[in-house]
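Here's the letter readout for the chains.
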Number of protein chains: 2
Amino acid sequence: MLRTAVVLLFAATALPAQWNVMPMPSSIQAGQGRLTIGQEFSAGPDTGSSADPRLSRAIDRMSRRIAKLTGMTLHEGSQKILLLQVQGGGQAVQSLDEDESYRLTVDSRQAVIAAANPLGAMHGMETFYQLIANAADGWGVPAVTIDDRPRFAWRGLMMDVSRHFMPLEVIRRNLDGMAAVKLNVFHWHLSDDQGFRMESKRFPKLQQQGSDGQFYTQDEVRGIVEYARDRGIRVVPEFDIPGHSTSWLVGYPELAAGPGPYQILRTWGITDPAMDPARPEVYTFLDAFIGEMASLFPDAYFHIGGDEVNGKQWAANTADIPGFMRLHGFKTEHDLQAYFNQQVEKIVTKYGRRMEGWDEILNPALPKNIVIQSWRGAKSLSDAARQGYQGILSSGYYLDHIEPSSKLYLVDPLGSQADSLGKNEQARILGGEVCMWAEYISEENVDSRIWPRAAAIAERLWSPAAVRDVSGMYRRLDVIDGELDLIGLRHNSNYRLMLERLAGSDGIEPLATLADVLEPGALGQRHHVNPNYAQSTPLNRLVDAARPDSAIARHFGELVDRFVANPNDAAARSEISRWLTLWAGNNARLQPLMEKRQILRDAAPVSAMLAGISALALAGRTGPDIQTALKPVGEVNIAVAPAIARLAALGRRF
Amino acid sequence: MLRTAVVLLFAATALPAQWNVMPMPSSIQAGQGRLTIGQEFSAGPDTGSSADPRLSRAIDRMSRRIAKLTGMTLHEGSQKILLLQVQGGGQAVQSLDEDESYRLTVDSRQAVIAAANPLGAMHGMETFYQLIANAADGWGVPAVTIDDRPRFAWRGLMMDVSRHFMPLEVIRRNLDGMAAVKLNVFHWHLSDDQGFRMESKRFPKLQQQGSDGQFYTQDEVRGIVEYARDRGIRVVPEFDIPGHSTSWLVGYPELAAGPGPYQILRTWGITDPAMDPARPEVYTFLDAFIGEMASLFPDAYFHIGGDEVNGKQWAANTADIPGFMRLHGFKTEHDLQAYFNQQVEKIVTKYGRRMEGWDEILNPALPKNIVIQSWRGAKSLSDAARQGYQGILSSGYYLDHIEPSSKLYLVDPLGSQADSLGKNEQARILGGEVCMWAEYISEENVDSRIWPRAAAIAERLWSPAAVRDVSGMYRRLDVIDGELDLIGLRHNSNYRLMLERLAGSDGIEPLATLADVLEPGALGQRHHVNPNYAQSTPLNRLVDAARPDSAIARHFGELVDRFVANPNDAAARSEISRWLTLWAGNNARLQPLMEKRQILRDAAPVSAMLAGISALALAGRTGPDIQTALKPVGEVNIAVAPAIARLAALGRRF
């Protein structure tokens, strides 16, 4: 009930443009005046507030971030400028129904955050931080009253660390980014065909033979769980079974339905190996393993994967599976997987956890307390909800599909597919998770694939449903992008380092001019161009540096829209001409470098094409090249091509 | 003898331009062909090489850096591509006379580094790394034979962590930078009037009352000493006495010659407080303190500062000093300081260390085994050498004077002042140290004050004296700048973050256009403009972001030189016109931002001035503004002003 009320309140009060907050709060009421943030700034809990050490650590971190944001050394004055009124310490293990709401009140003397627990307090501090700006009278925060709470309780980021390993510092800085945009579930995809990344003391051959030495020790995992908890983030581990499990089978081939030996998979796609549901030893193993993992991951949920079992190895098995199927009266491999899932669910439940799995696990034979993660479409989520299952949406949030924030932003867990659901059914849709699969990313460019796009999805999952203005989202996303930089995310800094590598010592300008308007191809495009990609293929080329959702292409597109709407807009015209001239001349500037460096060998066609279509548009001509440029160019896409095509179609010189 | 031979060899063989190595080796002989660096690259010690764990750690670090440089995951092949032949493990405590030479031989099959110990091996690996480049046939290193050894044994970087504290990560990344350019002494200026940064367990009030809580624990210091040793770097601690010691006196006022109580000094300059040379308790204290520090810092040298004692507190003392001076027959405060230094020298010697101090400590009463660090001029160094003292040069290497690399580069410890010295006297000049005083730097911009300029001085201290070509130095410095980026130094990345802070969310382009051609004022200029600077003054303004030795100003200056030499050079003319147009229009673009943000309040005059003189030069006119722009503008300087003035003087339109 409350949720609906808040949404209505929000829809009724159109928000002013200047609130650089993301995700947008449920309710903002502007006040009079401004709170100054000076060197005497100090933050601390009110008398009687919770003494939870999480809270004091969060306050310390926030003070350090404010010092960094403003470039001031803070000399905490006696008066608290930011006062935290926090009722309690919160739950021992952060849960799905824990209160995350807060109220932030700022007047010209003080800011106060009131919250039930450290979660709300941390969210409130992130909002407060985002409101700090430098104005004509210095650093400060506008007077305001914000009442805020999330629309969805489950707001996650999944990271695949199997296909390419991600070192701890990558995990930590991404947790920092998550906290900044109020995401609260880190879904850690710890095993897959290409690598088993978790230390097991019970079954050490898992990491010894399944990881190339790239795994997290149990101490490291405890550290990450604690780091996440400190930031209001739950950690849900995923160990994908019975398929996507080749890396388990290297050390423990006896778990498989087919004969070994097995090697770590070095390529991508769906493969045949799967655990054998007919063998009791498999469940004995999983019982011991899940028990061991449950002692490390305190979260109430445990993700067992369950996706993309092709059933081939089961069909080919002549040893135990045929008799087992006959015995149980199973007709298909689906029955077999349902049986497997039922057994695993019992184990997970035995260790006090609720089972989560991809939508393939959905089966009436499973109890209703499991959670379905939908990657195959919003429909499977609605179907599950209708059948009484809780679920979260990931279909539409796959970052490796390289879609722009504008598109990701509008995907709603309660979108049109959910319209026909009743209230109770809708309530089963808990939220969503951004997914970062790691076929084509490395520790170097993973940040640029996640950020800032994940922030747009974070807003979808937190803010009222009515917050859907794409241009407002982008305006704020540009601001948050800088905040994420300052937090230590490397979506911008590693982009420059990668361009420096590509350009060597000759200056990156012409290369950056090109790369700025390119976008990497999605999974399918890259596989199509180069079917030989493997785990060891260097991800060091132009396509790997190029970033999704080119900001320059977006700004140029807006410029073109302005000009098309008003062809007498001389400023737009002159700006368009400047860009086209830059691009038309860029191939010649880049040529010497491309000839000299093998690592730039695939830049040549796209560089020539950008120059060619820019020259056409400058001359007010169109041509087949422009149509070609709208399509993939090798592994990349020319993000400015659609806007250039619109211009060229006008037939005007620039 | 060898040193001279190597210098002659170098002078005889003019080096080809393509060797992007810094510091330049003593001898380079190009070979035939090229060694490919692919994913199978592997480095390791030869059979029979030293098993020193420092060596294997250095090899691991280098492999990771090569992976990062090339963007490749390395899959170490069975054949070692880089083979290390290292005779022994080196000395237990790295010493001044330890052999740092190496020979690097690269052919199309393999690279071999031969060295007496891990120091030489590490230097050789840095050279090897710098030679890796991407060419038309991929990553590789040209075939070459390099014989290399340092010209000077003492090649240091001093960091003042007292006036502004530098966190451990700043120290660590700067040690990484030092190792990359073969600097081998980290001189840690740990105490001064403004802060006592070292934990003492014997005298805990030193850090408790003298540091604002910003100090290094003994464990942290041990960690840094080990980190440095692992990179071939000695750590020489400095505790500045008897002056520059206010921070000691806060907790221990009884050490002072004048009455307390004392407060940490919050401003800059020379102050009166000094330890009391007449009180035996002072030496008891120093004996215990130096003994404690000697157990933490294994280096053979111990720096006692000794600079800038103004003698006022001694002169004003009526309690014990007058009688003490009469007793000893001392005439002046200099006699008193000489006595103090003699006593301290005995203590330092008692703990097995050699005393080092700034040139004020030079006095015939001190034994000849001390080392003089000259900050007051090359003459004091020569004088010391003539008197039999060893010394190192820092005069001319003060980074806070904000001089360009071109000037720093040509300062030679054996410069003209040393011409009149005999061979043995010259041999007493051990090398030099770059000094980074911290009045006007923070942990955020310290890297941009040190790097890349320190690399130019590193070359002076390592390479043969004949290597003095400034344009070649700059060409290589531009390359090393990127290497330092990749190592993790933040001279470039924090520059951008600081500009983002200044610009807020509105895009940094116009601000960067301005900042790129500005240089911060030196110590004196900043003090003159703002005499109220204090330790807590935020270092977050344009002057703090602006960097010494503007690369764009340098390139523009070269362009102007080209055009002046050949006024028919149309390309130069067009490029000049492009720059002047950019600058002439920049003030208008920056105006809205400057009006909106207090933090940019001091940008207005310099922005207007840059635009004004650029417009004049475009119009082929000169005027008084151009003369004004050659002088300081508030706390900054317009680095392109001299080149613009040269252009304007031509009276030609652009």
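The rules behind the values
- Per chain, the residues get numbers from 1 upward, laid out in the order the sequence is written.
- For this description, chains carry letters from A and ligands carry numbers from 1, given in the order in which they are written.
- Given that this is a predicted model, residues contribute local features only at a pLDDT of at least 70 and side-chain atom pairs are listed and counted only at 80 or more, while totals for whole chains, interfaces and linings are drawn from all residues.
- Note: side-chain values were computed over all heavy atoms of the structure, leaving out hydrogens and water.
- Helix and strand labels come from DSSP, where a helix needs a run of H or I of at least four residues and a strand needs a run of E of at least two; each type is numbered from the N terminus.
- Here, residues are in contact when the closest pair of their heavy atoms is within 4.5 Å.
- Every axis in this analysis is a line fitted to C-alpha atoms, fitted for helices over the stretch in contact. Angles between the N-to-C directions lie between 0 and 180 degrees.
- Here roughly perpendicular refers to angles of 65 to 115 degrees, roughly parallel to angles under 35, roughly antiparallel to angles over 145, and oblique to all remaining angles.
- Handedness of each helix crossing follows the sense of rotation of the near helix against the far helix: counterclockwise by less than a right angle gives left-handed, clockwise gives right-handed.
- Polar here means any residue outside two lists: the nonpolar Ala, Val, Leu, Ile, Met, Phe, Trp, Tyr, Cys and Pro, and the charged Asp, Glu, Lys and Arg; Gly therefore counts as polar.
- Only the six-membered ring of Trp is used, alongside the rings of Phe and Tyr, when aromatic pairs are assigned; centres must lie within 6.5 Å, and planes under 30 degrees apart are stacked while those over 60 apart are edge-to-face, with the rest tilted.
- Each residue gets one of three labels from its accessible area relative to the maximum for its type: buried under 20%, exposed over 50%, partly exposed in between, using a 1.4 Å probe on protein chains only.
- Cation placement over rings: the criterion is NZ of Lys or CZ of Arg within 6 Å of the ring centroid and within 35° of the ring normal.
- Put simply, buried area is how much 1.4 Å-probe accessible surface two parts lose in total, over both of them, once they are put together.
- A carboxyl oxygen of Asp or Glu within 4 Å of a side-chain nitrogen of Lys or Arg is what we treat as a salt bridge.
- Definition of a polar contact: a pair of N or O atoms within 3.5 Å, with one able to donate and the other able to accept a hydrogen when the atoms are protein atoms, and with sequence-neighbouring residues admitted only if both atoms are side-chain atoms.
- Least-squares superposition of the copies uses the C-alpha atoms of those residues scoring a pLDDT of at least 70 in each of them.
- Predictor confidence is given residue by residue as pLDDT, running from a minimum of 0 to a maximum of 100.
- Under the convention used throughout, the expected extent of a helix is 1.5 Å for every residue step, that is, one less than its residue count.
- When DSSP locates at least two bridges between a pair of strands, those strands are taken to pair.
- Throughout, nonpolar core names a set of buried Ala, Val, Leu, Ile, Met, Phe, Trp, Tyr and Cys residues whose side chains join them through atoms within 4.5 Å.

Thoughts on the environment of B:Pro452
Residues and elements named next belong to chain B.
Then step 1. Within the fold, Pro452 resides in the loop between helix H15 (446-450) and helix H16 (453-462).
Then step 2. When the C-alpha atoms of Pro452 and Asn492 are compared, they prove to be 9.9 Å apart, with 40 residues separating the residues in sequence.
Then step 3. Apart from the residues lying within four places of it in its own chain, the contact partners of Pro452 are Leu477, Asp481, Leu484 and His491.

Quick notes on the packing of helix H23 (residues 570-596) of chain A against helix H24 (residues 604-618) of chain A
Residue and element names in this part refer to chain A.
Then step 1. Interaxial distance between H23 and H24 falls to 8 Å at its minimum, and their mutual angle equals 150°. One way to sum up the angle between H23 and H24 is to call them roughly antiparallel. Two packed elements cross with a definite hand, and for H23 against H24 that hand is left-handed. Between H23, through Ser577, Leu580, Thr581, Trp583, Ala584, Asn587, Leu590 and Met594, and H24, the contact on the second element is made entirely by Ala604, Ser607, Ala608, Leu610, Ala611, Ser614, Ala615, Ala617 and Leu618.
Then step 2. For the contact of H23 with H24, the per-class residue count stands at twelve nonpolar, five polar and no charged.

Re the packing of aromatic side chains
All names here are of chain A.
Then step 1. Applying the stated criterion across every chain, the model contains 60 aromatic pairs over all chains.
Then step 2. Between Phe239 and Phe302 the ring centres are 6.0 Å apart and the planes differ by 25°, which places this aromatic pair in the stacked class. Here Phe239, found in strand S11 (residues 234-241), pairs with Phe302, found in strand S12 (residues 301-305); they are 63 residues apart in sequence, far enough to count as distant. Accessibility classification places Phe239 together with Phe302 in one group, the buried group.
Then step 3. Members of the aromatic cluster, each reached through a chain of ring pairs, are Phe196, Phe203, Phe239, Trp248, Tyr252, Phe285, Phe289 and Phe302.
Then step 4. Taking the ring centre of Tyr252 as reference, the NZ or CZ of Lys205 above it sits at 4.9 Å.

So, the interface of chain A and chain B
Then step 1. Of the residues lining the interface, 34 residues belong to chain A; the matching set on chain B comes to 34 residues.
Then step 2. Taken as a group, A:Asn134, A:Arg501 and A:Gln598 account for 18% of the area that chain A buries against chain B, more than any other trio of residues on that side.
Then step 3. Here chain A and chain B share zero salt bridges between them.
Then step 4. Joining chain A to chain B, the criterion identifies 20 residue pairs in polar contact (both at pLDDT 80 or more).
Then step 5. Partitioned by chemical class, the residues of the side of chain A that touches chain B number eleven nonpolar, twelve polar and eleven charged.

Side note on the relation of the copies chain A and chain B
Then step 1. Placing chain A over chain B gives an RMSD of 0.0 Å and needs a rotation angle of 180°, together with 0.0 Å of translation along the axis. Both copies are brought into coincidence by an operation consistent with a two-fold rotation axis. When each C-alpha of chain A is compared by its distance to the rotation axis, A:Ser493 comes out closest, at 3.5 Å.
Then step 2. Comparing interface residues between copies, 100% of those in chain A also lie at the interface in chain B; the contact surface is shared.

Some words on the confidence of the model for chain A
Residue and element names in this part refer to chain A.
Then step 1. When pLDDT is averaged along chain A, the result is 95, and 97% of the positions lie at 70 or above.
Then step 2. Low pLDDT (under 50) marks residues 1-16, which in the prediction has 16 contacts with non-local residues, meaning those over four places away or in another chain.
Then step 3. This complex was scored by the predictor with a pTM of 0.94 and an ipTM of 0.91.

Looking at helix H22 (residues 551-565) of chain B
Residue and element names in this part refer to chain B.
Then step 1. For H22, built from 15 residues, the straight-helix expectation of 21 Å at 1.5 Å per residue is met to within 8% by its first-to-last C-alpha distance of 21 Å.
Then step 2. Along H22, the residues classified as buried are Ala553, Arg554, Phe556, Gly557, Leu559, Val560 and Phe563.
Then step 3. Tucked into the core, H22 has its buried residues touching helix H17 (470-487), helix H23 (570-596) and helix H26 (641-648).
Then step 4. In this structure Ser550 caps H22, since a side-chain oxygen of it lies 3.4 Å from the backbone nitrogen of Ile552.

Notes on the pattern of salt bridges
Oppositely charged side chains can form a pair if their charged atoms are brought close together.
Then step 1. Summed over all chains, the structure comprises 72 salt bridges over all chains.
Then step 2. A:Glu169 is paired through a salt bridge with A:Arg173; the nearest N and O atoms lie 3.8 Å apart. With A:Glu169 and A:Arg173 both in helix H4 (residues 168-180), this residue pair falls four residues apart, about one helical turn.
Then step 3. By relative accessible area, A:Arg173 is classed as buried at 9%.
Then step 4. Ionic pairing is found between B:Arg541 and B:Asp602, a salt bridge with its closest N-O pair at 2.3 Å. Of the two residues, B:Arg541 sits in the loop between helix H20 (523-529) and helix H21 (542-545) while B:Asp602 sits in the loop between H23 and helix H24 (604-618), which places them 61 residues apart along the sequence.
Then step 5. Relative accessible area serves as the criterion here: at 9%, B:Arg541 is assigned to the buried category.
Then step 6. Via salt bridges that share partners, A:Arg526, A:Arg541, A:Asp544, A:Asp602 and A:Glu635 belong to a single interconnected network.

Details of the pairing of S11(A)
Residues and elements named next belong to chain A.
Then step 1. For S11, a buried count of eight out of eight residues is recorded, marking the element as mostly surrounded by other parts of the structure.
Then step 2. What you see with S11 is no split at all: Arg234, Val236, Glu238 and Asp240 on one side and Val235, Pro237, Phe239 and Ile241 on the other are buried throughout.
Then step 3. With six bridges joining them, strand S9 (residues 185-192) and S11 adopt parallel strand pairing. Bridge assignment links Val185 to a residue of S11, and that residue is Arg234.
Then step 4. Both S11 and S12 contribute to a ladder of two bridges, which runs parallel. Paired with Glu238 across the bridge in S12 is His303.

Here's the deal with the side chain of A:Gln110
All names here are of chain A.
Then step 1. Mapped onto the elements of the fold, Gln110 is located in the loop between strand S4 (102-106) and strand S5 (111-115).
Then step 2. For Gln110, the side chain forms a polar contact with the main-chain oxygen of Lys80, separated by 2.9 Å.
Then step 3. Not counting residues up to four positions away in its chain, the partners in contact with Gln110 are Leu35, Gln79, Lys80, Ile81, Leu83 and Thr105.

Digging into unusual backbone geometry
Then step 1. In this structure, the amide linkage connecting A:Ile241 to the following residue, A:Pro242, adopts the cis form with an omega of 0°.
Then step 2. Note that A:Pro242 resides in the loop between S11 and helix H7 (246-251).
Then step 3. Phi is positive for B:His244, which is not a glycine, with a value near 45°.
Then step 4. Mapping B:His244 onto the fold places it in the loop between strand S11 (234-241) and helix H7 (246-251).
Then step 5. Given the relative accessible area of 4%, B:His244 is considered buried.
Then step 6. Of note in this structure, B:Glu308 is not a glycine but carries a positive phi near 55°.
Then step 7. By secondary structure assignment, the location of B:Glu308 is in the loop between strand S12 (301-305) and helix H9 (312-316).
Then step 8. Residue B:Glu308 is classed as partly exposed on the basis of its relative accessible area, which comes to 24%.

A few points about the packing of helix H4 (residues 168-180) of chain B against helix H6 (residues 218-229) of chain B
Residues and elements named next belong to chain B.
Then step 1. Following both chains from N to C, one finds H4 and H6 inclined at 10°, their axes separated by 10 Å at the closest point. Here H4 lies roughly parallel to H6, going by the angle between them. Taking contact as the criterion, the partners of Leu168, Ile171, Arg172, Leu175 and Asp176 in H4 are, on H6, Glu220, Ile224, Tyr227 and Ala228.
Then step 2. Looking at the contact of H4 with H6, its residues break down into six nonpolar, no polar and three charged.

Re the environment of A:Gly38
Then step 1. Take A:Gly38: it is sitting in the loop between strand S1 (27-36) and strand S2 (43-45).
Then step 2. Among residues more than four places away in sequence, those in contact with A:Gly38 are A:Met72 and A:Leu74.

Observations concerning the nonpolar core
Then step 1. Formed by 206 residues in total, the largest nonpolar core has its most connected members in A:Phe128, A:Trp188, A:Trp248, A:Leu286, A:Phe297 and B:Phe556.
Then step 2. The contact partners of A:Trp248, leaving out residues within four places of it in the chain, are A:Ser191, A:Phe196, A:Leu206, A:Phe239, A:Asp240, A:Ile241, A:Leu255, A:Met275, A:Phe285, A:Leu286 and A:Phe289.

A short note on the environment of A:Val344
Residue and element names in this part refer to chain A.
Then step 1. Tracing the sequence through the fold places Val344 in helix H11 (residues 333-350).
Then step 2. Overall, the relative accessible area of 0% leaves Val344 in the buried class.
Then step 3. Taking the C-alpha atoms as reference, Val344 lies 9.5 Å from Ile241; in sequence the two are 103 residues apart.
Then step 4. Apart from residues lying up to four places away in sequence, Val344 is in contact with Ile241, Leu286, Ile290, Ile304 and Met355.

Digging into the side chain of B:Ser42
Then step 1. Structurally, B:Ser42 is set in the loop between strand S1 (27-36) and strand S2 (43-45).
Then step 2. Those residues in contact with B:Ser42, other than ones at most four positions away along the chain, are B:Glu76, B:Gly77, B:Gln79, B:Lys80, B:Ile81 and B:Leu82.

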